[in-house]
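Summary of structural features
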Amino acid sequence: MSYDMSGFDFNIKDVVELLRLRIRHKGAGSLDVDCPFCGGSGKMNVNTDRDIYRCNVCDESGGMLALYASLYGISYAEANRQIREALHLGQYREDYQKVKEPEAVQIKNSRLAAEDEIDCTYRRMLSMIPLSQKHKENLLERGLTEEQIEEQNYRSVPLFGLKKLAASLQREGCTVAGVPGFYQDDDGNWTIHFTAKNSGILIPIVSMENRIQGFQIRLDRPTESKKYIWLSSVNYNLGVSSGSPVHVIGNLHADTVYLTEGALKGTIAHYLSGDTFVCVAGVTLYRNLKPVLERLQKKGAKYICEAYDMDKKLKITCDKDYKKCGECDFIQKPAICPHKKRKRDNIQRGCQRAYEICQELSLPVSRKLWDTNECMEWNGRIKGIDDLYYEQKLHNRPL
């Protein structure tokens, strides 16, 4: 059988990378990878010149769309759409366009499961999936040790075998209904909302009781506006929203608590400094912040140090390389970039809400700044509190 893959602006190597298949051997015009269909026991040969594959054990074979479509149980058209979406390639080829969807049926969501049930399911799930070497190296480069990486249960998003994973959890007595990320497919089988589009590092979000409440995913292929997403199944049958929980790490009885955005950022900063961090998913996501600060206050917190990213002090003058939009007001000298101004204003509104919450709780709050010029604007070099602490560690400077 022949497979016509002409006219596509991606190839089978892109699909292999999206699926994170382990490469055993690279040759001229071909790759040998662990076969995802027979659990890695077979050797799948991937012909990169012809964009086809075949396993020497289970005899699975096909073209690059078949490789993706067969693993996910979807049509070639849907595989093409998802691959292009994950690779940020925009509109897909017309002769493989997705057929018009039937009229949407009303989605029924589950009620959020109890915290201990969610924690139990997530911890068992994490024990069943690995952390890829690439993701491990990324975390090590950010300043974590191997012991810290394992302590935080960082894993890689699994890209296939999702129904089997959900079934295994159910057989072991784990709750899946009401656990964010889990949902029922059209055949009534429980699965998990992991796709090539949201592949990346699973970042557990841990409560003050040391329960995993949800996950953020640090995307392998971030967009300009999005580096992290929540593991959520709210748009699927019997799924549920993550609820944007707050991550807490460190001494719960500390006098001073640091507030930052992003669980991974706060965790790295904690390990580098020993400080206690409360981590919201983003500077504007403060809905669940107040009850956490209130509980920490009862445990002895006396001061809050706001340590959001330094784009809260972003320079808003036009440098002609931020975005070519043609909207800059050249009447003013220097010209003001409207995109930068909107971004900074939005961040500062989020900061202001955090200060108001602290004021409501009578908690003194201060702002931590770094990498600024004489006008107290960000120089653009060191963005996050974790970056600052890692830089200081590298140069043996006190925190």
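Refer to the preceding data block for the structure.
The model shown is predicted, which means the values in this text are computed figures rather than measured ones.

One pass over the full model with this rule turns up 27 salt bridges. The salt bridge involving Arg353 is made with Glu360; its shortest N-O contact spans 3.2 Å. The network of salt bridges with common partners includes Glu78, Arg81, Glu85 and Lys197.

A few words on the packing of helix 2 (residues 64-72) against helix 3 (residues 76-86). Orientation of helix 2 relative to helix 3, taken along the N-to-C sense of each, is 100°, at an axis distance of 9 Å. One way to sum up the angle between helix 2 and helix 3 is to call them roughly perpendicular. Between helix 2 and helix 3, the residues in contact are Leu65, Ala66, Tyr68 and Ala69 and Tyr76, Ala79, Asn80, Gln82 and Ile83, respectively.

Let's shift gears to the environment of Ser207. Note on placement: Ser207 falls in the loop between strand 9 (200-206) and strand 10 (212-219). Along the chain, Ser207 and His247 lie 40 residues apart, while their C-alpha atoms are 5.8 Å from each other. Not counting residues within four places of it along the chain, the set of residues in contact with Ser207 comprises Gln213 and Val248.

Attention now goes to the packing of aromatic side chains. Each aromatic ring pair is specified by the distance between its two centres and by the angle formed by the two planes. In total, this model carries three aromatic pairs according to the counting rule given. Pairing Tyr122 with Phe215 gives two aromatic rings, centres 4.5 Å apart and planes at 75°, and the pair type is edge-to-face. Of the two residues, Tyr122 sits in helix 4 (residues 115-128) while Phe215 sits in strand 10, which places them 93 residues apart along the sequence. Taken individually, Tyr122 and Phe215 each receive the classification buried, so the pair is uniform in this respect.

Attention shifts here to helix 10 (residues 338-360). Because an α-helix packs 3.6 residues into every turn, residues spaced three or four apart end up facing the same way. Compared with the 33 Å implied by 1.5 Å per residue over 23 residues, the 33 Å span of helix 10 between its first and last C-alpha is a close match. Along helix 10, the residues classified as buried are Pro338, His339, Lys340, Arg344, Ile347, Gly350, Cys351, Ala354, Tyr355, Ile357 and Cys358. Against the buried residues of helix 10 lie strand 13 (256-261), helix 9 (289-298), strand 15 (303-306) and strand 16 (365-367). Downstream of helix 10 by a residue or two, Ser362 has a phi angle that is positive, lying close to 55°.

Right, let's talk about unusual backbone geometry for a bit. Backbone geometry places Arg20, a non-glycine residue, at a positive phi of 55°. A relative accessible area of 27% places Arg20 in the partly exposed class. The backbone of Asp51 sits at a positive phi, close to 60°, despite the residue not being glycine. Note that Asp51 resides in the loop between strand 3 (43-47) and strand 4 (52-55).

With that settled, consider the sheet that holds strand 9. Read from one edge of the open sheet, four strands run 6-9-10-11, paired in antiparallel fashion. Every interior strand has two partners, whereas the edge strands, strand 6 (155-156) and strand 11 (228-230), have only one. Sheet topology note: the strand 6/strand 9 ladder contains two bridges and is antiparallel. When the sheet's bridge partners are listed, Ser156 is paired in strand 9 with Ile201. Each of strand 6, strand 9 and strand 10 touches helix 5 (residues 133-141); the most contacted strand, strand 9, lies at about 60° to it. Set on the sheet, helix 8 (residues 263-273) makes contact with strand 9, strand 10 and strand 11; between it and strand 9 the angle comes to about 70°.

For the rest of this paragraph, the subject is the pairing of strand 2 (residues 30-34). For strand 2, the tally of buried residues reaches four of five residues, placing the bulk of the element in the interior. Sheet topology places strand 1 (residues 23-27) next to strand 2; four bridges connect them, and they run antiparallel. Bridge pairing in strand 2 links Ile23 to Val33. Linking strand 1 to strand 2, which pair antiparallel, is a turn of two residues; within it Gly29 sits at a positive phi near 80°. Of the strand pairs in this sheet, strand 2 and strand 3 are connected by five bridges, and their pairing is antiparallel. Residue pairing across strands places Leu31 opposite Val46, the latter belonging to strand 3.

This next bit is on the pairing of strand 13. In terms of burial, strand 13 is a largely internal element, five of the six residues being buried. Pairing analysis gives four bridges linking strand 13 to strand 15, with the strands arranged parallel. Looking at the pairing, Thr256 lines up with Tyr303 of strand 15. When strand 13 meets strand 14 (residues 276-280), the two strands line up parallel, connected through five bridges. Among the inter-strand pairings, Thr260 is bridged to a residue of strand 14, identified as Cys279. Considered for its hand, the β-α-β crossover made up of strand 13, helix 8 and strand 14 is right-handed.

Below, the discussion takes up the environment of Tyr303. Within the element layout of this structure, Tyr303 appears in strand 15. Classification of Tyr303 by relative accessible area gives partly exposed; the value is 46%. In contact with Tyr303, not counting residues within four places along its chain, are Asp255, Thr256, Val257, Leu363 and Pro364.

This part is about the sheet that holds strand 5 (residues 61-63). Spatially, the five strands line up as an open sheet ordered 1-2-3-4-5, and their pairing is antiparallel. A strand with exactly one partner marks an edge of an open sheet, and here the two such strands are strand 1 and strand 5. Strand-to-strand twist across the sheet, computed as the mean angle between neighbouring axes with direction ignored, equals 15°. As defined by bridge partners, strand 3 adjoins strand 4 across four bridges and the pair is classed as antiparallel. Paired with Asn45 across the strands is Arg54, a residue of strand 4. Those strands touched by helix 2 are strand 3, strand 4 and strand 5, and its axis lies near 115° from that of strand 5.

What counts, and at which threshold
Residue positions are given per chain, counting from 1 as you read along its sequence in written order. Reporting in this predicted model follows two pLDDT cut-offs: at least 70 for local features of residues, and 80 or more for side-chain atom pairs to be given and counted; totals over whole chains, interfaces and linings ignore these cut-offs and use all residues. Heavy atoms throughout the structure, all of them, feed into the side-chain values; hydrogens and water do not. Each reported salt bridge corresponds to a side-chain nitrogen of Lys or Arg within 4 Å of a carboxyl oxygen of Asp or Glu. Geometry is summarised by axes, namely lines fitted to C-alpha atoms with helices restricted to the contacting stretch, and by angles between N-to-C directions that run from 0 to 180 degrees. Secondary structure follows DSSP: runs of H or I at least 4 residues long count as helices, runs of E at least 2 residues long count as strands, and numbering of each begins at the N terminus. Roughly parallel covers angles under 35 degrees, roughly antiparallel covers those over 145, roughly perpendicular covers 65 to 115, and oblique covers all other angles. Between two residues, a contact is recorded if the distance between any of their heavy atoms is within 4.5 Å. A pair of Phe, Tyr and Trp rings is counted when the ring centres sit within 6.5 Å of each other, with Trp represented by its six-membered ring. The angle between the planes then sorts it: under 30 degrees is stacked, over 60 is edge-to-face, the rest tilted. Here's how the labels work: a residue is buried when its accessible area is under 20% of the maximum for its type, exposed when over 50%, partly exposed in between, all with a 1.4 Å probe on protein chains only. Under the convention used throughout, the expected extent of a helix is 1.5 Å for every residue step, that is, one less than its residue count. Note: two strands are recorded as paired if DSSP finds a minimum of 2 bridges between them. If you view a crossover with the strands going away from you and the path from the first strand over the helix to the second runs clockwise, you call it right-handed.

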